[in-house]
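A look at the structure
The residues making up each chain are set out below.
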Amino acid sequence: MEIVMIAFIVAVETVLFSMILKKINHYNQAPKAFLTVFLACVSLIMIVLGITRASKLFFNDKGMFLTSLITPMILLVLYITFLGNVYRDSLLQNFSMIEISEDVINGVVSGQLVSSILAVSCVTVAFCSNFLMVQDKALGNIKDLTISPVKSNVLSISYYFASLFSTLIICLFATVICLIYIGITGWYLSVLDVLLIF
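Quick summary incoming for the structure in this document.

Calculation notes
Residues numbered from 1 in each chain as written. Predicted model: local features only at pLDDT ≥ 70, side-chain atom pairs only at ≥ 80, totals over all residues. Heavy atoms only, no water. Helix = DSSP H or I, 4+ residues; strand = E, 2+ residues; numbered from the N terminus. Rg over C-alpha atoms; globule rule 2.2 N^0.38 Å. Buried < 20%, exposed > 50% of the residue type's maximum accessible area, 1.4 Å probe, protein only. Expected span 1.5 Å × (residues − 1). Bend = angle between axes of the 7 residues up to and from the residue. Polar contact = N/O pair within 3.5 Å; in protein donor to acceptor, adjacent residues only side chain to side chain. Contact = heavy atoms within 4.5 Å.

1. Here's the deal with the overall build of the chain
Scanning the chain for helices and strands turns up 7 helices and 0 strands. From first element to last, N terminus to C terminus, the chain shows the α and β order α-α-α-α-α-α-α. In terms of overall size, the chain is more extended than a compact globule, its C-alpha atoms giving a radius of gyration of 25 Å where 198 residues would be expected to give roughly 16 Å. Considering only C-alpha atoms, the chain reaches an extent of 85 × 35 × 25 Å along its principal axes. For the chain, the proportion of its 198 residues judged to be buried stands at 33%.

2. Here's the deal with helix α4 (residues 102-139)
Three- or four-residue spacings in an α-helix give side chains the same orientation, since the helix completes a turn every 3.6 residues. Its 38 residues place the ends of α4 55 Å apart at the C-alpha level, agreeing with the 56 Å of an ideal helix rising 1.5 Å per residue. Helix geometry: α4 is bent most strongly at Ser 121, by close to 25°. One or two steps after α4, the chain reaches Gly 140, where phi turns positive at roughly 85°.

3. Remarks on the side chain of Ser 129
Inspection of the secondary structure assignment puts Ser 129 in helix α4. Accessibility expressed as a relative area gives 7% for Ser 129, which makes it buried. Here the side chain of Ser 129 touches Thr 167 through a polar contact of 3.4 Å, side chain to side chain. Among residues more than four places away in sequence, those in contact with Ser 129 are Phe 58, Ser 163, Ser 166 and Thr 167.

Limitation: the analysis is restricted to geometry and does not speak to function.
As structure tokens, then:
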């Protein structure tokens, strides 16, 4: 459906371009200036449509979306299970001469786990969302998009921003889950402190 909409917009733009070009043809250098403005507008429209298309495809593909959504939660469980004790033992060993409350130890360990999870999630989720571009090239869908009078870097920009948008949404969800985990383990940040982070 999006490809039909893109083709329709390109056809309408081409007709409008031809009509306006015929009217301004007798002015000196006007056709070149108009062509530059026209192609810039087409490029911006294609970027917005490409971002919309890629974002819709990412969030409608249940396998890709759920994989990128579940990955941070699986990592959180694995990190709590295996790395939590390692971080705790390391902290207690390095600060054995200082009396530290259990809440602070839990908070520091939880903060280390969360920072590790969010660092890994930024890469894995971006990898999953970039897989859409690979699928388009492998299945030949990219040919439908390159028939328009737009450079290939415009399509690359739209894939990049769609990936950025999808990754940002999933990572914000992972951040909320991680902050809930930190709240459960005994960290002393208030809701206002957390909101000031963002």
